[in-house]
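This is what each chain is made of:
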Amino acid sequence: MSEEPVIICRCNDVTEEEIVALIEEGITDIEVIKRLTRIGMGPCQGRTCIPLVQSIIARRTGKPMEEISSPTSRHPVKPVRMGVFAGEEVEE
Amino acid sequence: MSEEWMSRGYITLEELDGVHPLPGRERLMEGPVAIPECPQEIPCTPCREICPTGAITMERVNDPPRVDYSKCIGCSLCVQICPGLAFFMVHLKEGKARVTMPYEYLPLPRRGERVRLLDRKGEVVGEGVVVMVMTRERSRGDTAVLTVEMAEELAMVVRAVEVMGDE
Amino acid sequence: MRIERHPILTFRRGRRVKFFFNGREVEAREGETIAMALYAAGIRDLSKSQKFHRPRGLFCAIGKCSSCLLTVDGIPNVRTCIIPVKEGMRVEASEGNPRLADNVPPPKKFMEPETHRTDLLVIGGGPAGLQAAIHAADMGARVTVLDEAPMLGGQLVKQTHKFFGKRQLHAGVRGIKIAEMLIEEVRRRGIEIFSRTSAVGLFPSGEEKVVDAVEAERYLHRFTARAVLVATGAMERYLPFPGADLPGVYGAGAVQTLMNTYGILPGERVLIVGAGNVGLILAYQLMQAGVKVPAVVEALPRVGGYFVHAAKIRRQGVPILTRHTIVRAAGSGRVEQATVAELDERWSVIEGTEKTYDVDVVALSVGLRPSVELLQQAGCSMRFVRELAGLVPLRDRNMQTTVEGIYVAGDASGIEEATTAMLEGTIAGISAGFYLGHGDEKWQERLERARAELEEFRDGPIGREVKKGIERVLI
Amino acid sequence: MKERVVIVGGGIMGLATAYHLARLGAENVTVLERRFAGYGATFRTGTGIRESFGDETNIWMMRESIKMWKALEEELGHPTEYRQTGYMFLLHTEEEMESFRRNVSLQNSLSVPSRIISPEEAKEIVPPLNIEDVLGAAYNPEDGKANPFLVLQGYKKASLKMGVKIHEYSPVEGIVERGGKRVVKTPRGEFEADILINAAGGWSKLIDRMVAVPSHVEPYKHQAIKTEALERGQINPMVVSFKHGGAYLTQDIADGGVIGGVALAEGPTFDMNPTLEYAIEVSRHFTWLIPALKYVHIVRQWAGFYATTPDKNPVIGEVAPGYYIISGFSGHGFMMSPMATKSLAELIVEGGTSAPLDFYDPHRFERGEFREAAIQMG
C-alpha cells in the first residue's frame with residue numbers, strides 16, 4: 001500500500017509536502033504561503049490548518065511561535081449563505 | 001520530587017508512602033480508614049469539605065490531601081465525593097482485607113458476587129467478593145462505591161475490580 | 001449503534017424520523033443532528049475531498065471545521081454536525097463542487113434582518129457565558145445569550161466526570177449536572193436565549209456594538225448591545241500524519257459529542273493520542289460506554305493531565321505510552337489500523353519500535369486552542385501566548401478587551417478548564433454589569449471574591465503557568 | 001542605470017515597476033513594503049482585466065496591457081492563471097443600451113471585438129443568469145481575469161532574480177532631503193534615493209505629504225466577497241450590472257468560487273473593516289443577478305482601497321524632480337499594471353515612452369484638466 005498523504009488543509013487538500021516545499025524555497029511568511037497554497041481559504045476559514053502551518057513554519061525556521069503572524073479573521077467568521085444575508089423569504 | 005508516577009500513570013506504594021505516610025497495620029485493623037492516592041498539586045477540596053471530623057487537611061486548595069488517620073471514622077464520604085476517584089478505604093478484618101473503592105461502570109456487581117481484582121497497573125492479582133454496594137443514588141457523591149473482601153496481603157495492592165459476567 | 005445503557009447517562013431520544021442520504025433512507029431520532037444520525041446508521045464516510053477524492057468523515061462535531069459539509073435540501077456545504085435532522089430531509093454528498101441551477105426564480109422580496117436590542121449580549125452559552133449571563137442579569141442588566149449548538153451548556157454537556165475545585169463552585173458534581181443547573185438558573189431569570197445561532201460578526205461602533213448572527217442556516221439576526229461578552233470557547237487541534245484525514249480519526253471532543261451528547265457508540269476500539277485531561281477523561285468515558293481502549297499515547301515524557309485521571313484508566317488496564325506518538329492511520333475508506341512508535345529525546349521516531357493496533361477510531365486529544373475569530377474580527381488586540389495555548393485577546397482585570405465594552409471569558413481568553421471559565425464568566429458578567437451602570441458595593445465584593453477564588457484556584461503548578469501567560473496579556 | 005531607485009509600495013505597481021526598471025538596466029532598485037508584498041489593493045482585487053473602456057486612451061492602455069498579460073506567464077516563468085473569459089455588461093435600460101452601443105462602436109474602431117448581445121445569448125454564456133430585466137448585454141470575449149497572488153509572486157521572483165531588493169514589513173516613517181538626495185526612513189534603516197517612486201496605492205497621499213507635494217489620490221474603501229468553491233465554467237465572464245448596485249461578479253479561476261462586489265464605496269478613509277451592510281447589499285444584488293447564489297455561502301468578505309483621483313484616471317509620471325508617482329488607478333490598477341509600469345520604467349530609464357502618459361499626467365488637476373472618467377465598477 002502506498003503511503004497516505006499528510007493532509008494539512010482538509011478543505012482544499014493541501015499536503016504537508018507542499019507547505020514544506022515553499023518553506024524550503026524561502027517562503028516563510030504565512031500570508032504568502034496562504035495565498036500560494038490556498039490554505040485557510042476553504043469553508044473552515046483556516047480554523048484547522050492555520051495553526052498547523054504556523055507550527056510547521058516555526059519548526060522549519062527555528063522561530064518561536066510568538067513571532068509567526070496569524071492571518072486576520074474577517075466578517076463573516078462563519079460562512080453565511082447569501083440568501084440569509086439577502087433576507088430572502090424562506091420557504092418552509 | 002521526581003514524580004515518576006506522572007510518566008507511568010500509576011503510583012507505587014513506596015512513592016505513595018513518600019507523599020503522605022500510609023497508615024500502619026494496626027490502624028488498618030482498628031477500623032476502615034481513608035487513604036488518598038492523590039499525590040499531585042491540583043486545585044481540589046471536596047474531600048476536605050465533606051469530611052465530618054476534619055480528618056482531611058490541606059493548607060492551600062492546591063495541596064494534596066493529608067489524612068489524620070486517628071480522626072478518620074471510616075464513613076467513606078471522601079470515597080463517594082472525590083472527583084478524581086482517588087480515595088480508597090481499607091480495613092483489615094478477621095484475616096481478610098476489605099477495600100472500599102469507587103465504581104462507575106456497568107453492570108454494577110451485586111453483593112456476594114465474585115469479581116476479579118486489579119492492581120494499580122490494571123493487572124489481575126486475584127479474586128474477591130463484593131460485600132457492600134452503595135449505588136449512585138445513595139452515594140453523597142453521585143458515584144457508586146463497592147467494598148470488596150480479599151486476601152489480607154492484597155489490602156494495599158488492589159485498587160480496582162472487574163466484573164466477571166456470566167462465564 | 002446507539003448506546004442503550006450507561007452508568008452515568010440516560011438518553012432521552014426523540015421520535016423516529018426518516019431522511020435520505022444519497023437517496024438511501026436513513027432512520028434518525030428527532031433531536032439528532034444530521035451527522036450524528038448518519039453516524040448512528042453506520043455511515044462514517046460522508047463525502048470525498050476536493051482534489052484527491054479521499055473519503056471525509058467528521059472531525060470536530062461542533063460546527064467549527066469543514067469535515068462534515070454536505071448538501072442539504074439543495075443547500076451545499078451545510079455543517080451537518082450542528083443542523084438537526086428533519087423528516088424527509090434530502091442529504092447528499094455532492095460529487096465535486098456544487099452546480100448553480102439555471103432556473104431558480106429571482107427573489108421577490110427581501111426581509112430586513114430581525115433586530116434585537118439588549119444590554120449585554122453573551123456569545124457562547126458554555127460555563128463562562130452562562131455564569132456571566134446569570135450575574136449580569138442579577139445586577140439588573142438585560143441579557144441575551146447566543147449559542148451555536150442545539151442545546152446550551154457548551155462542552156459541559158458531554159462532561160460526565162465530576163469537577164474539581166471547591167464544592168461551592170460545583171466541585172464533586174458532574175459537568176452534565178452543572179450544565180443543567182446553569183441552564184435552569186438562566187431560564188429562571190428569563191434571560192433571552194437564541195440556540196442554533198452563530199454569531200458571524202461583531203462590529204463595535206462607539207457605545208453600541210452590533211452583532212449579526214445566523215439562526216439554523218436560515219435567518220439573519222441583528223443584535224445591538226452596549227456590552228458584548230465573547231465566550232466562544234475553544235477548538236481542538238488537529239495532528240497531521242499519514243491517514244489523519246481518514247474517517248475514524250476524530251477530535252476527542254467529537255467522540256465525546258457522539259457518545260455522551262447523542263448516545264452513539266463511536267466505535268469498538270479507540271486509540272487515544274494525547275494524555276492531557278481530555279484524552280484521559282475520554283479513555284475513561286469510552287470504557288464506561290463499553291468501548292475498548294487499547295492504549296493512550298503521549299509524546300511528552302509524562303502525562304499532561306491530572307494524575308488521578310491517569311490512575312483511573314491505568315488501574316482498569318489501559319496502557320499509557322509516554323514518549324510515543326501515532327505515525328500513521330490506515331484502512332480502506334476508514335480507519336482500520338493505527339501504528340504508534342516511541343520517540344527519542346529529539347522527538348524523532350525510534351526505528352523498530354512501531355506497534356500496530358487494530359482500531360476503528362483514533363481520537364486526537366492534542367490540545368485545544370482559543371476560538372478568537374470574533375474578537376480578532378472586532379479589532380481587539382491579540383497576542384500569541386504559549387501558556388494560554390494560542391492567540392488570545394489582551395484584557396484587563398475585569399476581562400475587558402482593548403475594545404471598550406467587549407469582554408472575554410473562558411477558553412476564548414486562554415485554555416484552562418470549566419471551573420476557571422465559570423469564575424472568569426462571573427468576573428466578566430459582574431464587570432459588564434458595572435459597565436452598564438448597575439451594581440453596588442455588594443457586587444464589588446462579589447467581584448473581589450470571584451477574583452480571590454480564581455487566584456486561589458490558580459495557585460498550583462498548572463495555574464502558575466497560566467498566570468505567567470496572563471501577565472503577558474494583562475493591560 | 002546606476003541611480004538608486006527606491007519604490008514605496010510592494011503591490012503590483014511597485015513590484016512590476018521594479019521588474020521593468022531592472023529589465024531596462026536599472027542596477028539599484030529597492031522596494032519598501034509596509035506589510036507583506038501584495039497586502040494592499042493587489043491581494044484585494046476583484047481580479048478582472050478588461051479593455052472595454054469608454055475612452056480611447058484607456059482602451060489603448062488596456063489593449064496593450066492585454067497583449068502583455070497573454071505573454072506574462074512565459075515572461076516571468078511563473079503561472080498567472082490569466083484567462084480570457086470575457087466581460088459582460090448587463091444592460092437594463094434603453095439609456096444603458098444606447099451608451100454601450102457607443103462604447104462598443106468606439107471599442108470596435110480600436111479593434112476590440114466587443115458586441116451587443118441578446119438576453120438569451122447572455123444566458124447561454126452564463127446559464128444561471130437571471131435575464132428577467134435584461135434588455136441586452138455588451139460582451140467582450142477578450143477581457144478576462146488572472147490570479148493576483150500568482151502574478152505578484154511571479155513579479156517578485158523575477159525582480160529578485162535581477163537583483164531588486166525587496167524589504168517587506170518596512171513601513172516608511174519619513175522622507176527627508178539630505179545633500180540633494182531623498183532619504184527614506186524605515187524601522188529597518190535608511191534608504192537613499194536618487195529616484196523615489198510612490199507606488200503606495202491607497203496610502204499614496206501619505207508619501208506625497210512626506211515629500212511635500214500636493215496629492216490627488218484619496219483612499220476609498222471598497223469591499224468584495226468570495227464564496228465557497230463551485231463547479232467551474234458556470235459564470236465565466238465578469239458579469240457587471242450598473243443598475244443592480246454596480247455589481248460585478250465572476251468565478252475565481254482557482255476554485256470556481258464567486259468573487260465580486262458592489263459599488264458601496266466609503267471615503268476617503270483608511271478604514272479597511274468590512275461591514276454588515278455591505279454583506280447584505282452584495283447578497284441582495286448577487287441573488288437577483290444569479291438567483292441560485294442564494295444557496296451559496298460567503299466565505300470571506302474584505303475591504304481594500306481604490307486609490308482614487310478626481311477624474312478616476314491614474315496619475316503616472318514625474319511629480320517633482322526625482323520623485324515619481326504611479327497610483328490613483330481608481331479600481332483599475334491590477335488590470336492596467338503591465339503597460340502602466342512598463343511605460344513608467346521607460347520614462348525613467350529611457351526618458352520617454354510610446355504610451356500616452358500625458359493623459360495620466362500627475363499635474364493635470366493643478367491645471368484644472370479633468371479627463372473623462374473611466375468606466376468604473378465596484
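Worth saying up front: this structure is predicted, and the values here are computed from it rather than measured.

Across the contact, 35 residues belong to chain D and 25 residues belong to chain A. In total, about 2,600 Å² of surface goes out of reach between chain D and chain A, with carbon and sulfur atoms giving 57% of it. Three residues, Phe149, Lys294 and Val299 of chain D, lead the burial of chain D against chain A; their summed loss comes to 21% of the area buried on that side. Seen at the junction of chain D and chain A, the total is 3 salt bridges. A salt bridge links Asp252 of chain D to Arg38 of chain A; the shortest N-O distance between them is 3.5 Å. At the boundary of chain D and chain A, one finds 12 residue pairs in polar contact (both at pLDDT 80 or more). Taken together, the elements giving at least two residues each to the side of chain D that touches chain A come down to α5 (148–161), β13 (218–227), α7 (276–289) and β17 (297–308) of chain D. The leading source of residues in the side of chain D that touches chain A is α7 of chain D, at 7 residues. For the side of chain D that touches chain A, the residue count by class is 18 nonpolar, 8 polar and 9 charged. Pairing analysis gives 2 bridges linking strand β3 (residues 80–81) of chain A to β17 of chain D, with the strands arranged antiparallel.

In this section: the packing of helix α2 (residues 56–76) of chain D against α5 of chain D. Residue and element names in this part refer to chain D. Close contact between α2 and α5 brings their axes to 10 Å; oriented N to C, the two are set at 45°. Judged on the interaxial angle alone, α5 and α2 are oblique. Along this stretch, α2 crosses α5, giving a crossing that reads as left-handed. Residues Trp69, Leu72 and Leu76 of α2 pack against Val151, Gly154, Tyr155 and Ala158 of α5. Its residues placed into classes, the contact of α2 with α5 shows 6 nonpolar, 1 polar and no charged.

A word on the pairing of strand β4 (residues 87–93) of chain B. Residues and elements named next belong to chain B. Among the 7 residues in β4, 6 count as buried, and that is most of the element. Here strand β1 (residues 33–36) runs beside β4; their pairing, made up of 4 bridges, is antiparallel. Each bridged residue has a counterpart across the sheet, and for Ile35 the counterpart in β4 is Phe88. Strand direction decides the pairing type here: β4 and strand β5 (residues 96–103), joined by 5 bridges, are antiparallel. Looking at β5, one finds that Lys93 is bridged to Lys96. Linkage of β4 to β5, two consecutive antiparallel strands, is achieved through a turn of 2 residues, within which Glu94 is found at a positive phi near 50°.

Our next topic: the sheet that holds strand β10 (residues 181–186) of chain D. Residues and elements named next belong to chain D. Here 3 strands make up an open sheet; going across it, the order is β9-β10-β11 and the pairing antiparallel. Both outer strands of the open sheet, β9 (174–178) and β11 (189–193), are each paired with one neighbouring strand and no more. Strand after strand, the sheet turns through a mean of 30° between neighbouring axes, direction not considered. With 5 bridges joining them, β9 and β10 adopt antiparallel strand pairing. The residue bridging Val176 from the neighbouring strand is Val183, located in β10.

Parameters and conventions
Residue positions are given per chain, counted from 1 along the sequence in the order it is written. Following the order in which they are written, the chains are lettered starting with A and the ligands numbered starting with 1. Given that this is a predicted model, residues contribute local features only at a pLDDT of at least 70 and side-chain atom pairs are listed and counted only at 80 or more, while totals for whole chains, interfaces and linings are drawn from all residues. The basis for every side-chain value is the complete set of non-hydrogen atoms in the structure, without hydrogens or water. The contact rule is simple, with two residues in contact once any of their heavy atoms fall within 4.5 Å. Put simply, buried area is how much 1.4 Å-probe accessible surface two parts lose in total, over both of them, once they are put together. Whenever a carboxyl oxygen of Asp or Glu lies within 4 Å of a side-chain nitrogen of Lys or Arg, that contact is scored as a salt bridge. Each polar contact in these results corresponds to two N or O atoms within 3.5 Å; when the atoms are within protein, one needs to be able to donate a hydrogen and the other to accept it, and residues that are neighboring in sequence are counted only if both atoms are side-chain atoms. Every helix listed is a DSSP run of H or I at least four residues long, and every strand listed is a run of E at least two residues long, numbered separately from the N terminus. Classification convention: Asp, Glu, Lys, Arg as charged; Ala, Val, Leu, Ile, Met, Phe, Trp, Tyr, Cys, Pro as nonpolar; all other residues, Gly among them, as polar. Two strands pair under a simple rule: DSSP has to find at least two bridges between them. Only the contacting stretch of a helix is used when fitting its axis, a line to C-alpha atoms as for every element, and angles between N-to-C directions run 0 to 180 degrees. Angles are sorted into four bins: roughly parallel if under 35 degrees, roughly antiparallel if over 145, roughly perpendicular if 65 to 115, and oblique for all others. Crossings are classed by handedness, with left-handed meaning an anticlockwise turn of the near helix from the far one by less than a right angle and right-handed meaning a clockwise turn. Between buried and exposed lies partly exposed: a residue is buried under 20% and exposed over 50% of the maximum accessible area for its type, with that area taken using a 1.4 Å probe on protein chains only.

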